[in-house]
Amino acid sequence: MCIRDSFIDEVHMLDIECFTFLNRALESPLAPIVILATNRGFCKIRGTDMGAPHGIPLDLLDRLLIIRTTPYPLTEIVQILAIRAQTEGISLSEEALSTLASTGVKTSLRYVVQLLTPANIMAQTQGRKEITKDDIEEISRLFYDAKTSAKILQEQSDKYIS
């Protein structure tokens, strides 16, 4: 068995057989560096009826160094969005950048980065080269972040087929 260093995102989606393989790989003399990422708390280990922190079997969890992450502060979100916009050749006003960053603090960095493209298309459709605050507000009404979407679905669950 020879695997290189690996990054596994959404590790809670792995099943018990995958975790067995990882345990075996970590016991080998040339154990790889494996970085696991998840956003889950206590959940069921796939392929079993057992629950565990992060959906990871306890014998594997005992071998891990868990790094706590924190949300980005407003100033860093502004910097990241400015860099991303520049990289993609997108121009946005300071007011739009501020609105987008504030939204990112309340929702997620991923969500506001994803709003850049449709906001840019909206500005271009209206004959402008720069995204305005109004564009950001309009796009935010059209596209929901995951938490808002889940909340709406829960509030209106009686209107959906279950």
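Predicted, not measured: the structure shown is a model, and the values here were computed from it.

Some remarks on the layout of surface pockets
Then, in step 1: Of the volumes computed, that of the largest pocket is approximately 1500 Å³.
Then, in step 2: Residue lining of the largest pocket: 36 residues in total, with Asp9, Ala37, Thr38, Asn39 and Thr69 positioned closest to the centre.
Then, in step 3: Class assignment of the residues belonging to the lining of the largest pocket gives a composition of 19 nonpolar, 10 polar and 7 charged.

Quick notes on the environment of Leu97
Then, in step 1: By secondary structure assignment, the location of Leu97 is in helix 4 (residues 94–106).
Then, in step 2: Along the primary structure Leu97 and Gly41 are separated by 56 residues, whereas in three dimensions their C-alpha atoms are 32 Å apart.
Then, in step 3: Apart from the residues within four sequence positions on either side, Leu97 is in contact with Val78, Leu81, Ala82 and Leu92.

Overview of the side chain of Thr103
Then, in step 1: Within the fold, Thr103 resides in helix 4.
Then, in step 2: The residues contacting Thr103, other than those within four sequence positions of it, are Ser108, Tyr111 and Val112.

As for the packing of helix 4 against helix 6 (residues 133–142)
Then, in step 1: Helix 6 packs onto helix 4 with a crossing angle of 30° between their chain directions and a minimal axis gap of 7 Å. Relative to helix 6, the element helix 4 is oriented roughly parallel. Across the interface between the two elements, Glu95, Ala96, Thr99 and Leu100 of helix 4 pack against Lys133, Ile136 and Glu137 of helix 6.
Then, in step 2: Taken together, the residues of the contact of helix 4 with helix 6 sort by class into 3 nonpolar, 1 polar and 3 charged.

Quick look at the confidence of the model for the protein chain
Then, in step 1: Per-residue pLDDT for the protein chain has a mean of 92; in total, 98% of the residues score no lower than 70.
Then, in step 2: Ranking the elements of the protein chain by mean pLDDT puts strand 1 (residues 6–8) last, at 88, and strand 6 (residues 130–131) first, at 98.

So, a nonpolar patch on the surface
Then, in step 1: Together, Phe7, Ile33 and Ile35 make up an exposed nonpolar region whose accessible area comes to about 330 Å².
Then, in step 2: Take Ile35: it is sitting in strand 2 (residues 34–36).
Then, in step 3: A relative accessible area of 46% means that Ile35 is categorised as partly exposed.

Observations concerning the environment of Asp5
Then, in step 1: Mapped onto the elements of the fold, Asp5 is located in the segment before strand 1.
Then, in step 2: On the accessibility criterion, Asp5 (55% relative accessible area) is exposed.
Then, in step 3: Expressed as a C-alpha distance, the spacing of Asp5 and Ala31, which sit 26 residues apart in the sequence, is 8.7 Å.
Then, in step 4: Ignoring anything within four residues of it in the chain, the contact list for Asp5 reads Pro32 and Ile33.
Then, in step 5: Within the local environment of Asp5, its side chain forms a polar contact with the backbone nitrogen of Ile33, the two atoms lying 3.0 Å apart.

Here we look at the pattern of salt bridges
Then, in step 1: Per the counting criterion, the structure on display carries 6 salt bridges.
Then, in step 2: For Lys44, the salt bridge identified is with Asp49, shortest N-O distance 3.9 Å. Grouping residues by exposure puts Lys44 and Asp49 together as exposed.
Then, in step 3: Two residues, Glu138 and Arg141, come together in a salt bridge whose shortest N-O distance is 3.0 Å. Of the two residues, Glu138 and Arg141 both sit in helix 6, 3 residues apart, roughly one turn of that helix.

Re the nonpolar core
Then, in step 1: The biggest cluster of nonpolar side chains holds 21 residues, and the ones touching the most others in it are Leu81, Leu92, Leu100, Val112, Leu116, Ile131 and Ile136.
Then, in step 2: The set of elements that each furnish at least two residues to this core consists of helix 3 (74–87), helix 4, helix 5 (109–125) and helix 6.
Then, in step 3: Considering every element that reaches this core, the biggest residue donor is helix 5, with 9 residues.
Then, in step 4: Setting aside anything within four residues of it in sequence, one finds Leu116 in contact with Leu81, Arg84, Ala85, Ile90, Leu92, Leu100 and Ile131.

Calculation rules
Residues numbered from 1 in each chain as written. Predicted model: local features only at pLDDT ≥ 70, side-chain atom pairs only at ≥ 80, totals over all residues. Heavy atoms only, no water. 1 Å grid on protein atoms, 1.4 Å probe; cavity = no way out; pocket = protein on both sides within 12 Å on 5 of 7 lines; lining within 4 Å. Points joined across faces, edges and corners; volume = space filled by probe spheres on them. Nonpolar A, V, L, I, M, F, W, Y, C, P; charged D, E, K, R; others polar. Helix = DSSP H or I, 4+ residues; strand = E, 2+ residues; numbered from the N terminus. Contact = heavy atoms within 4.5 Å. Axes fitted to C-alpha atoms, helices over the stretch in contact; angles between N-to-C directions. Parallel < 35°, antiparallel > 145°, perpendicular 65-115°, else oblique. pLDDT = per-residue confidence, 0-100. Patch = residues over 30% accessible without salt bridge, like charges linked within 9 Å, V, L, I, M, F, W, Y side chains within 5 Å. Areas by Shrake-Rupley, 256 points an atom, 1.4 Å probe, with all protein chains shown as cover. Salt bridge = Lys/Arg side-chain N within 4 Å of Asp/Glu carboxyl O. Buried < 20%, exposed > 50% of the residue type's maximum accessible area, 1.4 Å probe, protein only. Polar contact = N/O pair within 3.5 Å; in protein donor to acceptor, adjacent residues only side chain to side chain. Core = buried A, V, L, I, M, F, W, Y, C linked by side-chain atoms within 4.5 Å.

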